[in-house]
Amino acid sequence: MKFTKMQGIGNDYVYVNCFQEKIENPSELAKKISDRHFGVGSDGLILICPSDKADFEMKMYNADGSRGEMCGNGIRCVAKYVYDYGLTDKKQISVETLGGIKYLDLTVENGKAVLVKVDMGSPILEPELIPVKAEGENVIDASIIAGGAEYKMTCISMGNPHAVIFWDGIDSMEIEKIGPSFEEHERFPNRVNTEFVEVLDEKTVKMRVWERGSGETLACGTGACAVAVACILNGRTEDTVCVKLLGGDLLVQWDREKNKVYMTGPAEVVFDGEWKE
Ligand SMILES: N[C@H](CCC[C@H](N)C(=O)O)C(=O)O
């Protein structure tokens, strides 16, 4: 099976062109191929497939084999792949995901896509749609007890579930201890991606993320969008935010009139390879 290893600000996945390859059990393959010692090593597996609703379909699997509804860093790499590898010559493409159809604009230099802007759609705040067990019509700066400690969280879905926690001193936090207590918390029926964010100024934040199904990653695109929305909802930043992650920066804008979130960032090919099972 041919694959391409790609990364979006350090959030790395194995990409398979399913116009050419047939994957019998993607969940099992994701677990094997993601292993950083016995496999290729990645945060998960992403399949690039035909679609009858959009130009392409993205099917995303975390390193534990679980399916993610949407992947922000991944969808930028999908857009780069389909352009650079000649599946399309369009610089505006649509990609079907479990989180809805997403629309992307490519910036091309020397025949290669170097920057991708994604219309990530509208943030979802209704608890039952995130989902998170909670009273009321949203979860903004709400209390949760996790791992025996109390936190304040803001919950948002970008097609996939996120819990955003404001936290000073994220560089020294023991995310590997706190993250799982949120990921497996009984208030999140489908588990949750958890972001810890430090506000630097009204235009700039920095974050770390414990991803559902993959643990701490260097970056999370949907998480960066959830963080920006949470910062704006809590009056911490302006509507356009530079989100600084371990692997690099993303620019996130929440257009409140259109109620759409736009994310702009890079996408890069690491290498092409062959997987022999
Ligand atoms: N772990 C996520 C999927 C990947 C999201 C992240 N890598 C991104 O760039 O959005 C989930 O299970 O919802």
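Predicted model only: the values in this text are computed from it and were never measured.

## Re the pairing of strand 8 (residues 112-119)
Bridge count between strand 7 (residues 100-109) and strand 8: seven bridges; the pairing is antiparallel. Considered in strand 8, the bridge of Val108 is made with Ala113. Here strand 7 folds back onto strand 8, and the loop between the two strands holds two residues, one of which, Asn110, carries a positive phi near 50 degrees. By the bridge criterion, five bridges tie strand 8 to strand 17 (residues 260-266) in an arrangement that is antiparallel. Note that in strand 17 the partner of Val116 across the bridge is Gly265.

## Topic: the site of the ligand
The local shell around the ligand holds 15 residues, among which Asn11, Tyr13, Glu211, Gly221 and Thr222 are the closest. The contact in question runs from a nitrogen atom of the ligand to an N or O atom on the side chain of Tyr13, over 2.7 Å. At 2.7 Å from a nitrogen atom of the ligand is found a side-chain nitrogen or oxygen belonging to Glu211. Surface burial for the ligand is 100%, taken as the share of its 370 Å² of free accessible area covered by protein chains. Only strand 2 (11-17), strand 4 (56-62), helix 2 (72-84) and helix 4 (221-233) provide two or more residues apiece to the shell around the ligand. When its residues are assigned to classes, the shell around the ligand shows five nonpolar, eight polar and two charged. Structurally, the shell around the ligand is a two-domain feature, drawing no fewer than three residues from each of domain 1 (2-118 + 265-274) and domain 2 (127-258).

## Concerning the packing of aromatic side chains
Across all of its chains, the model carries eight aromatic pairs by this definition. Between Tyr81 and Tyr85 the ring centres are 4.2 Å apart and the planes differ by 10 degrees, which places this aromatic pair in the stacked class. In this structure Tyr85 comes out as partly exposed when scored by relative accessible area, which is 32%. Consider the rings of Trp167 and Phe196, whose centres lie 6.0 Å apart with planes at 85 degrees: the pair is edge-to-face. Here Trp167 is found in the loop between strand 11 (161-166) and helix 3 (175-183), whereas its partner Phe196 is found in strand 12 (residues 193-201), with 29 residues between them in sequence. Its relative accessible area of 0% is what places Phe196 among the buried residues. Chaining the aromatic ring pairs together yields one cluster made of Tyr151, Trp167, Phe182 and Phe196. Taking NZ or CZ as reference, Arg236 lies 4.1 Å from the ring centre of Phe166, over its face. Lying across the ring of Trp254, Arg256 places its NZ or CZ 3.9 Å from the centre.

## Quick look at the domain arrangement of the chain
Each assigned domain of the chain is listed with its residue range as follows: domain 1 (2-118 + 265-274) and domain 2 (127-258). A straight line from the C-alpha centre of domain 1 to that of domain 2 covers 23 Å. The junction of domain 1 with domain 2 conceals about 1300 Å² of combined surface from both sides, 44% of it contributed by carbon and sulfur atoms. For the pair domain 1 and domain 2, the number of links is two salt bridges. Here Arg212 makes a salt bridge to Glu69, at a shortest N to O gap of 2.5 Å.

## Re the pattern of salt bridges
Tallying each qualifying case throughout the model produces 20 salt bridges. Note that Asp12 is salt-bridged to Arg36, the shortest N-O span being 2.8 Å. With a gap of 24 residues between them, Asp12 in strand 2 and Arg36 in the loop between helix 1 (26-34) and strand 3 (44-49) connect regions that are remote in the sequence. Ionic contacts of the salt-bridge type, sharing partners, join the residues Lys5, Asp12, Arg36 and Asp43 into one network.

## Concerning unusual backbone geometry
Of note, the amide linkage connecting Ile130 to Pro131 takes the cis form, showing an omega dihedral of -10 degrees. Notably, Asn259 is not glycine yet its phi reads approximately 50 degrees, a positive angle. Overall, Asn259 belongs to the partly exposed group, its relative accessible area being 29%.

## A look at helix 1
Listed in full, the buried residues belonging to helix 1 are Pro26, Leu29, Ala30, Ile33 and Ser34. Angular distribution of buried residues about the axis of helix 1 spans 115 degrees; they occupy a single face of the element.

Parameters at a glance
- Residues numbered from 1 in each chain as written.
- Predicted model: local features only at pLDDT ≥ 70, side-chain atom pairs only at ≥ 80, totals over all residues.
- Heavy atoms only, no water.
- Pairing = 2+ DSSP bridges.
- Helix = DSSP H or I, 4+ residues; strand = E, 2+ residues; numbered from the N terminus.
- Near = heavy atom within 4 Å.
- Polar contact = N/O pair within 3.5 Å; in protein donor to acceptor, adjacent residues only side chain to side chain.
- Areas by Shrake-Rupley, 256 points an atom, 1.4 Å probe, with all protein chains shown as cover.
- Nonpolar A, V, L, I, M, F, W, Y, C, P; charged D, E, K, R; others polar.
- Domains from an automatic or database assignment.
- Phe/Tyr/Trp six-rings, centres within 6.5 Å; stacked < 30°, edge-to-face > 60°.
- Buried < 20%, exposed > 50% of the residue type's maximum accessible area, 1.4 Å probe, protein only.
- Lys NZ or Arg CZ within 6 Å of the ring centre and 35° of its normal.
- Buried area = accessible area lost by both parts, 1.4 Å probe.
- Salt bridge = Lys/Arg side-chain N within 4 Å of Asp/Glu carboxyl O.
- Arc of directions from axis to C-beta.

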